[in-house]
Amino acid sequence: MNITDSIKYIGVNDHEIDLFEGQYIVPNGMAYNSYVIIDEKVAVMDTIDADFFDEWLEKLQKNIGNRKPDYLVVQHMEPDHSANIANFIKEYPETKIVASAMAFTIMKNFFGTDFPENKIVVGEGAKLNLGKHELTFMTAPMVHWPEVIVTYDSCDKVLFSADGFGKFGALDVEDEDGWACEARRYYFGIVGKFGVQVQALLKKAANLDIQIICPLHGPVLSENLKYYLNLYNTWSSYGVEAEGVMIAYTSVYGNTKKAAEMLAQKLVDKGCPKVALNDLARGDMAEVVEDAFKYGKVVLATTTYNTEIFPFMRVFIDTLVEHNFQNRTIGLIENGSWAPTAAKIMKAKLEKCKNISFTNTTVSIKSSVTQQNEEQLDLLADELK
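Computed from a prediction, not measured in an experiment: that's the story for all the values here. (Residues numbered from 1 in each chain as written. Predicted model: local features only at pLDDT ≥ 70, side-chain atom pairs only at ≥ 80, totals over all residues. Heavy atoms only, no water.)

**Student:** Could you give an account of the nonpolar core, naming the residues involved and the relevant values?
**Tutor:** Residues Phe20, Leu300 and Phe316 are the most contacted members of the largest nonpolar core, which totals 91 residues. Of the residues forming this core, the biggest block, eight residues, is contributed by helix 5 (residues 179-191). (Core = buried A, V, L, I, M, F, W, Y, C linked by side-chain atoms within 4.5 Å. Buried < 20%, exposed > 50% of the residue type's maximum accessible area, 1.4 Å probe, protein only. Helix = DSSP H or I, 4+ residues; strand = E, 2+ residues; numbered from the N terminus.)

The following block contains the structure:
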């Protein structure tokens, strides 16, 4: 695949993987992107996952022929992008490795060496001339590792964005849901904690004439870039992307589920534009986290359990807090047969989050939904619609 006349795609698709980073379900596989810039000098932009060295090397050699790469630019040291650095240097021992100082520290952790004879350390604003192409490096610490750099090519106006603008899914699988769904799940699962750092990078990018974005996962973006940049700005500032209500529940014997479903129907009847109803015990937790960040209003419904809250809800709230959940309105539904305390516990867990407001109505169920509970659900729906 040609990105431009002189920038070629040499990434691979992984259809064997079931869990990305050991936790994210990827039914459509995963793409590990790598690129080569062919000019007076040749620069390879990152390697790929360890299992695909031969396929990747074949693609590289097909594009550069008998030429030898002058530079290997390492933007991110996570193994799905860096695992083949040592193999690459065995193949091309004279190639210079261009990376941040922190990347070389991590490189030594992985490979037992930081390749001192090949080493070129770059920092903010450093440049690398390939001929017509001049690369400018920008530091992007904690997007989402501390060593990350991104690279701007002023010739073809390409931003090599490391894990920024990444997306779950192999590139040879059509995504019926479009880019945003799996990009959002990827962002909030992997990058979402570091909104401040993403905002800082977006401010740097705003000063550049970017025509193409080349991420390390997901498709190359070359049309309607304003759409993608605006989404990233919303996500990284913890803004509300869509109007609606997300309901997440756990239920032992079905009564809390019944209350959640009743609330969902009441919201629909009252004209709520979107209601996303999620069973935390059966759904993909990462998708529910995605929904929590997508909508501005969230309802959490769970039981008192072992003097705490049901485990799936506890994990869910801990995940939200860990990922800097903020700027949301939250409604609570609790259930407990003799001493319901779930609402109090959930509220205490969420106090660590910034700019969280709670609805005036909290629904407290004792075992099964009563007429009084239905009236409370109606009041809660009125506050949220």
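**Student:** Requested: an account of the sheet that holds strand 13 (residues 149-153), with residues and values cited.
**Tutor:** Strand order in this open sheet of five strands is 11-12-13-14-15, and the pairing throughout is mixed. The open sheet has two edge strands with one neighbour each: strand 11 (127-129) and strand 15 (212-214). Across the sheet, the axes of successive neighbouring strands diverge by a mean angle of 20°, strand direction being ignored. For strand 13 and strand 14 (residues 158-160), the ladder comprises three bridges, and the chain directions are antiparallel. Looking at strand 14, one finds that Tyr152 is bridged to Leu159. (Pairing = 2+ DSSP bridges. Axes fitted to C-alpha atoms, helices over the stretch in contact; angles between N-to-C directions.)

**Student:** Go over the pairing of strand 7 (residues 42-45), please, and point to the residues and values.
**Tutor:** Neither face of strand 7 is exposed, since Val42 and Val44 on one face and Ala43 and Met45 on the opposite face are all buried. Where strand 6 (residues 35-38) lies against strand 7, four bridges are found, and the strand directions are antiparallel. Within strand 7, the position partnered with Ile37 by the bridge is Ala43. Remark: three residues form the turn of the hairpin made by strand 6 and strand 7, two consecutive strands paired antiparallel.

**Student:** Provide a residue-level description of a negative patch on the surface, including the pertinent values.
**Tutor:** A grouping of Glu174, Glu176, Asp177 and Glu287 is seen on the molecular surface, where their side chains present a negatively charged patch. Relative to the elements of secondary structure, Glu174 occurs in the loop between strand 14 and helix 5. (Patch = residues over 30% accessible without salt bridge, like charges linked within 9 Å, V, L, I, M, F, W, Y side chains within 5 Å. Areas by Shrake-Rupley, 256 points an atom, 1.4 Å probe, with all protein chains shown as cover. Salt bridge = Lys/Arg side-chain N within 4 Å of Asp/Glu carboxyl O. Lys, Arg positive; Asp, Glu negative; His and termini not counted. Charge placed at Lys NZ, Arg CZ, Asp CG, Glu CD.)

**Student:** Any chance you could break down the packing of helix 6 (residues 195-205) against helix 7 (residues 225-236) for me, citing the residues and the numbers?
**Tutor:** At a minimum axis distance of 8 Å, the contact between helix 6 and helix 7 shows a crossing angle of 145°. Considering the relative orientation of helix 6 and helix 7, their crossing is left-handed. Contact residues: Gly195, Val196, Val198, Gln199 and Leu202 in helix 6; Leu229, Tyr232, Asn233 and Ser236 in helix 7. Class assignment of the residues belonging to the contact of helix 6 with helix 7 gives a composition of five nonpolar, four polar and no charged. (Left-handed = near helix turned anticlockwise from the far one by under 90°. Contact = heavy atoms within 4.5 Å. Nonpolar A, V, L, I, M, F, W, Y, C, P; charged D, E, K, R; others polar.)

All quantities given are derived from atomic positions and should not be read as evidence of function.
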